[in-house]
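Observations on the three-dimensional arrangement
These are the residues of each chain, in order.
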Amino acid sequence: MNAYALVLNAGSSSLKFCVFRNPEPHVWRLEARGLIDGIGTAPNFSVKDAGGAAIDQRRLDIGVHDGRAALEVLAAWLRPRYAGARVVGVGHRVVHGGQRYLAPTVVTPAVLKHLRDLVPLAPLHQPYNVAAIEAAAERLPGVPQVACFDTSFHRGQPEVAQVVPLPREITRAGVQRYGFHGLSYEYISTLLPQVAPEIAHGRVVVAHLGSGASMCAMKDGRSIDSTLGFTALDGLCMGTRPGAIDPGVVLYLFQSLGLSPKDVENTLYKKSGLLGISGVSNDMRDLLASRDPAARLAVDYFVYRAAKEIGALAAVLGGLDGLVFTAGIGENSPEIRQRICEASAWLGIEVDPDANQGHGPCISRRSSRVSAWVIPTNEELMIARHTGAVLGLIEASA
Ligand code: ADP
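Residues numbered from 1 in each chain as written. Predicted model: local features only at pLDDT ≥ 70, side-chain atom pairs only at ≥ 80, totals over all residues. Heavy atoms only, no water.

As for the sheet that holds strand β2 (residues 15-24)
Strand pairing in a sheet relies on backbone hydrogen bonds, with the paired strands running either antiparallel or parallel. Reading across the sheet, the 8 strands line up as β5-β4-β3-β2-β1-β6-β8-β7 and stay open at both edges, with mixed pairing between neighbours. Edge positions in the sheet fall to β5 (54-59) and β7 (105-106), since each has one partner strand and no second. Alignment of strand β6 (residues 86-94) against strand β8 (residues 145-149), held across 5 bridges, turns out to be parallel. Looking at the pairing, Arg 93 lines up with Cys 148 of β8. Sitting on the sheet, helix α3 (residues 126-139) is in contact with β1 (3-10), β6 and β8, with an inclination near 165° to β6. (Pairing = 2+ DSSP bridges. Helix = DSSP H or I, 4+ residues; strand = E, 2+ residues; numbered from the N terminus. Contact = heavy atoms within 4.5 Å. Axes fitted to C-alpha atoms, helices over the stretch in contact; angles between N-to-C directions.)

Some words on the layout of surface pockets
Here the second largest pocket is characterised by a volume of approximately 780 Å³. Lining the second largest pocket we find 23 residues, and of these Phe 230, Thr 231, Leu 233, Pro 247 and Val 250 sit closest to its centre. Per-class residue counts for the lining of the second largest pocket are 16 nonpolar, 3 polar and 4 charged. (1 Å grid on protein atoms, 1.4 Å probe; cavity = no way out; pocket = protein on both sides within 12 Å on 5 of 7 lines; lining within 4 Å. Points joined across faces, edges and corners; volume = space filled by probe spheres on them. Nonpolar A, V, L, I, M, F, W, Y, C, P; charged D, E, K, R; others polar.)

Considerations on the side chain of Ser 290
Residue placement: Ser 290 occurs in the loop between α10 (284-289) and α11 (293-317). Here the side chain of Ser 290 touches Asp 292 through a polar contact of 3.0 Å, landing on its backbone nitrogen. Not counting residues up to four positions away in its chain, the partners in contact with Ser 290 are Ala 295 and Arg 296. (Polar contact = N/O pair within 3.5 Å; in protein donor to acceptor, adjacent residues only side chain to side chain.)

As for empty space enclosed by the protein
Here the structure, examined in full by the defined rule, presents 1 cavity of 30 Å³ or more. The calculated volume of the largest cavity comes to roughly 60 Å³. Looking at the largest cavity, the residues that line it are Val 95, Leu 121, Ala 122, Pro 123, Leu 124, His 125, Phe 180, Thr 231, Ala 232 and Tyr 269. For the lining of the largest cavity, the residue count by class is 8 nonpolar, 2 polar and no charged.

A look at helix α5 (residues 182-195)
Spanning 14 residues, α5 covers 19 Å between terminal C-alpha atoms, matching the ideal 20 Å at 1.5 Å per step. Counted residue by residue, α5 has 10 buried out of 14 residues, so it is predominantly covered. (Expected span 1.5 Å × (residues − 1). Buried < 20%, exposed > 50% of the residue type's maximum accessible area, 1.4 Å probe, protein only.)

A short note on the nonpolar core
Leu 115, Leu 209 and Leu 320 are the most contacted members of the largest nonpolar core, which totals 54 residues. The biggest single contributor to this core is α11, with 10 residues. Those residues in contact with Leu 320, other than ones at most four positions away along the chain, are Arg 203, Val 204, Val 205, Ile 310, Ala 314, Leu 347, Ile 349 and Val 370. (Core = buried A, V, L, I, M, F, W, Y, C linked by side-chain atoms within 4.5 Å.)

Topic: the state of the cysteines
Overall, the coordinates contain 0 disulfides when judged by the stated rule. Sulfur of Cys 341: no disulfide; nearest cysteine sulfur belongs to Cys 362 and is 10 Å away. Overall, Cys 341 belongs to the buried group, its relative accessible area being 0%. Look at Cys 362 and you get partly exposed, because its relative accessible area is 28%. (Disulfide = S-S within 2.5 Å.)

Quick word on the packing of α11 against helix α13 (residues 334-343)
Two elements in contact, α11 and α13, have axes separated by 9 Å at closest approach and are oriented at 45°. The angle between α11 and α13 falls in the class oblique. As α11 packs across α13, the resulting crossing turns out to be right-handed. Contacts between α11 and α13 pair Val 299, Asp 300, Phe 302, Val 303, Ala 306, Ala 307 and Ile 310 from the former with Ile 336, Arg 339, Ile 340 and Ala 343 from the latter. (Parallel < 35°, antiparallel > 145°, perpendicular 65-115°, else oblique. Left-handed = near helix turned anticlockwise from the far one by under 90°.)

Describing the packing of helix α1 (residues 67-81) against α3
Running from N to C, α1 and α3 point in directions that differ by 40°, and their axes come no closer than 10 Å. One way to sum up the angle between α1 and α3 is to call them oblique. Note that α1 runs across α3; the crossing there is right-handed. On α3, the residues that touch Arg 68, Leu 71, Glu 72, Ala 75 and Arg 79 of α1 are Glu 134, Ala 135, Ala 136, Glu 138 and Arg 139. A per-class count over the contact of α1 with α3 returns 4 nonpolar, no polar and 6 charged.

Comments concerning the sheet that holds strand β11 (residues 222-226)
Taken in spatial order, the 5 strands line up as β11-β10-β9-β12-β13 in an open sheet, and their pairing is mixed. Strands with a single pairing partner mark the edges of an open sheet, and in this sheet they are β11 and β13 (371-374). The mean inter-strand angle of the sheet, taken between neighbouring strand axes irrespective of direction, is 25°. Note: strand β9 (residues 203-209) against strand β10 (residues 213-219), 7 bridges, orientation antiparallel. From the neighbouring strand, Val 205 faces β10, where its bridge partner is Ala 217. With respect to the sheet, α11 is in contact with β9, β10, β11 and β12 (322-326), its orientation differing from that of β10 by roughly 20°.

As for the pattern of salt bridges
The final tally for this structure, using the stated rule, is 16 salt bridges. The partner of Glu 265 in a salt bridge is Lys 262, with the nearest N and O atoms 3.0 Å apart. Within this pair, Glu 265 and its partner Lys 262 are both found in helix α8 (residues 261-270), separated by 3 residues, close to a single helical turn. On the basis of relative accessibility, which here comes to 22%, the residue Glu 265 falls in the partly exposed class. Two residues, Arg 285 and Asp 283, come together in a salt bridge whose shortest N-O distance is 2.8 Å. Exposure remark for Arg 285: the relative accessible area of 65% places this residue in the exposed category. What makes Asp 283 partly exposed here is its relative accessible area of 22%. Within this structure, Arg 93, Asp 150 and Glu 379 form a network of salt bridges that share partners. (Salt bridge = Lys/Arg side-chain N within 4 Å of Asp/Glu carboxyl O.)

Printed below as a string of structure tokens:
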């Protein structure tokens, strides 16, 4: 009988899910990918098959007001389709694994407690990740839940890259640079040997440019540094987050503008970045289509900041062999790739405009000293693989 894994990525107002089939050892095939979004406002359910064709799409009752209710909807959808199927595990994307979790982990009550303890470090994500684990464990008693962390891939970074230079009594309580998007970077690092073997063991910057955006400096496939730090606010300009800003600005918001902690949090997570600069949209497509000077400035700043961070990470790596673009903007916007590559030409990147408009993966000229690539990420597949591997290890040792 086929084995299946369910992959869940729970956010504050959405639940993304994937069903993977495991037809043979170590192979995970996507069967369905779905989304329940608008949870608490105008909930909507949609599922597509592996080829992207719609399987189901409908508005949900407004009573679907939290993650638990969303999981009920998902369970009701799964039940008739996968009746009698062997679900080997549920893999969860968990944003924060703190200092403790260096790898995916089967969730036990003790692990769950540790994950709850990390909520203050990622208040906008971790509570929903934890709630999804609890709800899935209740619905599927006896099915192992595996937590896969966005931070784990970065835990091998040199100590100096993880420093937050504040007094020890503060840093001792866990204030350090963690880095995020680790499942995406790990997936790319597993693909590099096949897709771009000439750089797989070299010095590579991977640019994960989605509505959340970061870059990772990789040497020999391992994370050396990344632009996200203690929280998901650092580094690049993002859809609604500013990226790195002078911390004095935050003091000013409190002391001179009198904003409350909640207002400051809202400003930093929901109103800044591309949306803040443009005043129009957090979506790169809208900004690229707009003639509004503020929209142009937002795009200019996005590119400027990206090029600046590539330079910084190249310095950390002691040079650069390859640049990889991934995630929504990185995979779909030739214009942004072109502009970032041009701004990084001094490093030896020569983008090939025709290849950049095509289907990749290589988008640089043959003569380019540093090669540039587009490689679609697949965090869910990474989670499915981890889930299978962790549970396989347990079975093997039983
Ligand atoms: P998330 O961080 O939510 O997973 P994604 O990786 O899906 O984000 O990226 C979403 C972003 O990708 C959108 O906000 C949009 O700005 C951008 N995007 C998607 N398609 C295009 C495109 N064709 N051109 C420019 N930007 C795009």
